[in-house]
Amino acid sequence: MKLDKGIGSYHIETVAPKYSVKTGADSIVVEFGSEVKGKVFLITGVSPNELGSFSAEALAKGSPQLLILASRDTAKAQAVAESIQTINGVVETRLLQLDLGSFASVRKAAQEVNAYAENIDVLVNNAGIMAVPYSQTEDGLESQLQTNHLGHFLFTNLIMDKILASGPTSRVVNVSSQGYRIGGVRYFDYNFHDGESYDPWFAYGASKTMNILHARELARRLGSRGLTAVSLSPGVIYTNLSTNGARDKFGDLWALYRKLGDPLGWATPKPLDPNRGVANHACAALAPDVKNFNGSFILSLERLPEPVEDMSPWAVGELEGMECWELSEKLVGQKFDLK
């Protein structure tokens, strides 16, 4: 099979034949146990009944050295830490207070991480909100834009030296969504004119597109230094993300897909159980072959990675990645000349 050498442009099937839609995170952790044992993982958005907690609990079974559980609410993260101790009592956990809706909180958390003795092998940018009513953060930005992307963009770049210091095992995993297909980055109207033009699903789709482009640009800039950066969609799984009426709005989302002429509008997705819901998390964080398609998007374990020709054009391409990076720098108020 021909291999396109461009970052994020791979159309190969290296890992895929091993997996199916029934593959769960637990089996991936067992298969790649050497990629877990003794490693340090930092996961954002960790609280009970969330993808972050499910992925942390799956990783715990492989005896990592340290699981850093980042959450806006450390009491919720503590509950997950206690659950991890019942799974594997030898795993060390550490709580990190991180409110992605506050750049001040992000900077404080990054300063704390940079003071750790340990390097970070894998950062999983998992936290997010979905289809919430319009609001602005304390920094004056639309909440989904900042929580889902800008907070992670700033946090990742501020701790990048800690990640790169782990060497060839260094990875950044951005949890995106098929919702990126709703639309691209709103380079002009990113704040929805203070809510005047706001649609919760368009805001969600834009933020999820930015997750994908962030990973692509990290791979382009830092792949030569050993960093692997990918994005993924976990599939449909009911968690606390489906609060604020979002679960009830899924019908509206599928109607929107139909209006856009997207085949997803006529699909009948089946919700996944937690173990399968974080299988893509585990694959992206652990599978050695993921290095072969640095910068790409993982949608299905049956076909890795998602071929760019099957993706919406606003989520692929070097120009899109650079423009998204520049807008993100502008909005966080800091430039990052990473290379």
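For the structure itself, consult the block above.
Thresholds applied
Residues numbered from 1 in each chain as written. Predicted model: local features only at pLDDT ≥ 70, side-chain atom pairs only at ≥ 80, totals over all residues. Heavy atoms only, no water. Phe/Tyr/Trp six-rings, centres within 6.5 Å; stacked < 30°, edge-to-face > 60°. Helix = DSSP H or I, 4+ residues; strand = E, 2+ residues; numbered from the N terminus. Buried < 20%, exposed > 50% of the residue type's maximum accessible area, 1.4 Å probe, protein only. Lys NZ or Arg CZ within 6 Å of the ring centre and 35° of its normal. Salt bridge = Lys/Arg side-chain N within 4 Å of Asp/Glu carboxyl O. Pairing = 2+ DSSP bridges. Right-handed = clockwise from strand over helix to strand, strands pointing away.

Evaluation of the coordinates by the stated rule reveals 7 aromatic pairs. Between the aromatic rings of Tyr 180 and Phe 297, the centroid separation amounts to 5.5 Å while the plane-to-plane angle is 70 degrees, which identifies the pairing as edge-to-face. Of this pair, Tyr 180 sits in the loop between β5 (171-175) and α7 (200-222) while Phe 297 is found in strand β7 (residues 297-298), placing the two residues 117 residues apart along the sequence. One exposure class covers both Tyr 180 and Phe 297, and it is buried. Note on Trp 201 and Tyr 204: the rings are 5.9 Å apart at their centroids and 85 degrees apart in plane angle, and the pair reads as edge-to-face. Here the residue Trp 201 and the residue Tyr 204 both occupy positions in helix α7, the gap between them amounting to 3 residues, near one helical turn. Of the two residues examined, Trp 201 and Tyr 204, each falls in the buried class. The structure contains a cluster of three or more aromatic residues connected by ring pairs, namely Tyr 134, Phe 192 and Tyr 198. Between the NZ or CZ atom of Arg 94 and the centre of the ring of Tyr 116, over which it lies, the distance is 4.5 Å.

A word on the pattern of salt bridges. For the coordinates displayed, the defined rule picks out 14 salt bridges. Residues Arg 220 and Glu 318 are paired through a salt bridge, measuring 3.9 Å at the closest nitrogen-oxygen approach. Here the residue Arg 220 occupies a position in helix α7, and Glu 318 occupies one in helix α11 (residues 318-332), the gap between them amounting to 98 residues. Looking at Arg 220, the relative accessible area reads 34%, which means it is partly exposed. A relative accessible area of 48% places Glu 318 in the partly exposed class. Arg 303 is the partner of Glu 306 in a salt bridge, and the nearest nitrogen-oxygen pair spans 3.2 Å. Several salt bridges converge on common partners, so that one network encompasses Glu 217, Arg 220, Arg 221 and Glu 318.

The buried fraction of β5 amounts to 5 of the 5 residues, a majority that puts the element mostly inside the structure. Every second residue of β5 is oriented toward a common face, with Arg 171, Val 173 and Val 175 on one face and Val 172 and Asn 174 on the other, all of them buried. Pairing analysis gives 4 bridges linking strand β4 (residues 122-125) to β5, with the strands arranged parallel. Bridged to Val 122 within β5 is Arg 171. Pairing of β5 with strand β6 (residues 228-232), which is carried by 5 bridges, proceeds in the parallel orientation. The residue of β6 that forms the bridge with Asn 174 is Ser 231. The β-α-β motif built from β5, the intervening α7 and the parallel element β6 has right-handed crossover chirality.

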